[in-house]
Amino acid sequence: MKLMIFLSKFLPLVFWVLLLVAFDCLYVSVLTGLSAVIHECGHLLFASSYKKITFPKADISGFRIKISGMSYKEELITALGGPVINILLGVVLLIFPESFPFLNYVRIFGIINLMTAFSNLLPIEGYDGYRILYCIGALLFDDTGRYEAMLFGFSFLFSALMCFVSLYLVLKIGEGYWIFFVFFSLTLSGIIKRTKHNF
């Protein structure tokens with residue numbers, strides 16, 4: 001049990017350090033971090049009503065800003081805020097004219113924003129996609145406990161599947177080891193959470 005607790009604290013640190021060296025160019029890592037900050041600002045922008053905001057916390061799946069005192073509908077809108085802002089910014093940056101200075105960097109940042117949005121929409125616990133599905137289920141169904149258990153199971157299976165797919169790609173083409181680490185860490189985090197719940 002102590003090992004599981006240690007891993008839950010240690011893995012996020014390893015992930016963020018690995019992110020800085022995962023890309024060939026440092027500016028891609030910096031732009032990725034900036035895209036994550038913009039993503040969280042999108043959540044705050046879409047938060048229609050909230051009572052308390054906790055200080056942003058980084059973990060394996062990204063930054064976390066917890067907002068309490070919200071209804072499921074407000075949570076749904078807030079969860080959509082981050083991906084929507086990233087998508088809008090990404091589209092705007094990709095349609096800049098060819099004569100724009102530093103066009104290559106602008107378009108790379110646009111692509112990174114789109115990737116940030118779509119990766120956050122994955123149905124994995126801790127991601128916006130998971131929260132969106134949870135809020136939709138909470139609004140539609142009375143038995144949220146059973147729905148949440150099914151959603152958690154699907155999230156765990158999806159992250160485990162992506163872990164094996166990314167490992168296959170690493171072995172096949174020798175690239176993307178950091179993608180494997182992300183999904184491996186998410187799968188391991190799911191096991192840790194389930195172990196804590198059982199104890």
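Analysis parameters
Residues numbered from 1 in each chain as written. Predicted model: local features only at pLDDT ≥ 70, side-chain atom pairs only at ≥ 80, totals over all residues. Heavy atoms only, no water. Salt bridge = Lys/Arg side-chain N within 4 Å of Asp/Glu carboxyl O. Helix = DSSP H or I, 4+ residues; strand = E, 2+ residues; numbered from the N terminus. Buried < 20%, exposed > 50% of the residue type's maximum accessible area, 1.4 Å probe, protein only. Expected span 1.5 Å × (residues − 1). Bend = angle between axes of the 7 residues up to and from the residue. Axes fitted to C-alpha atoms, helices over the stretch in contact; angles between N-to-C directions. Parallel < 35°, antiparallel > 145°, perpendicular 65-115°, else oblique. Left-handed = near helix turned anticlockwise from the far one by under 90°. Contact = heavy atoms within 4.5 Å. Nonpolar A, V, L, I, M, F, W, Y, C, P; charged D, E, K, R; others polar. pLDDT = per-residue confidence, 0-100.

J.: Honestly, the pattern of salt bridges in this entry has me stumped. Any pointers?
T.: Note that side chains of opposite charge can pair when their charged atoms are close. Under the definition given, this model contains 1 salt bridge. Of the charged contacts in the structure, one is a salt bridge between E75 and R131, with a shortest N-O distance of 2.6 Å. Taken together, the residues E75 in helix α3 (residues 72-94) and R131 in helix α5 (residues 128-140) connect sequence positions 56 residues apart. You can call R131 partly exposed: its relative accessible area is 31%.

J.: Got a minute to help me understand α3 in this structure?
T.: One full turn of an α-helix is made of 3.6 residues, so residues set three or four places apart face in the same direction. The terminal C-alpha atoms of α3, which comprises 23 residues, lie 34 Å apart, in line with the 33 Å expected from a rise of 1.5 Å per residue. Of all the bends in α3, the greatest reaches close to 30° and is centred on G81; the proline P83 follows between one and four positions later. Listed as buried for α3 are E74, E75, L76, T78, A79, G81, G82, P83, N86, G90 and L93.

J.: It is not clear to me how the packing of α3 against helix α4 (residues 103-120) should be interpreted in this structure. Could you clarify?
T.: Each pair of packed helices gets described by two things: the angle between the helix axes and the distance between those axes. At a closest axis distance of 8 Å, the pairing of α3 and α4 adopts a crossing angle of 155°. Relative to α4, the element α3 is oriented roughly antiparallel. Like other packed secondary-structure pairs, α3 and α4 cross with a definite hand, here left-handed. Taking contact as the criterion, the partners of P83, N86, I87, L89, G90, V91, L93 and L94 in α3 are, on α4, V106, R107, F109, G110, I111, N113, L114, T116, A117 and F118. Looking at side-chain class alone, the contact of α3 with α4 contains 12 nonpolar, 5 polar and 1 charged residues.

J.: Sorry if this is basic, but what is going on with the environment of G190 here?
T.: Considering the arrangement of structural elements, one finds G190 in helix α7 (residues 177-198). Sequence separation between G190 and S155 is 35 residues; the distance between their C-alpha atoms is 8.6 Å.

J.: Mind showing me how you'd approach the confidence of the model for the chain here?
T.: Note: predicted coordinates in regions of low pLDDT should not be interpreted at a detailed level. Residues of the chain with pLDDT of at least 70 account for 72%, and the chain-wide mean is 78. For the chain, per-element mean pLDDT is lowest for helix α1 (residues 2-21), which scores 57, and highest for α3, which scores 93.

J.: What am I meant to see in the packing of helix α2 (residues 26-46) against α4 here?
T.: Interaxial distance between α2 and α4 falls to 9 Å at its minimum, and their mutual angle equals 50°. Here α4 runs oblique to α2, going by the angle between their axes. Seen along the crossing, α2 lies across α4 with a hand that is right-handed. Contacts from Y27, V28, L31, T32, L34, S35, I38 and H39 of α2 reach α4 at Y105, I108, F109, I112, N113, T116 and N120. Its residues assigned to classes, the contact of α2 with α4 comprises 9 nonpolar, 6 polar and no charged.

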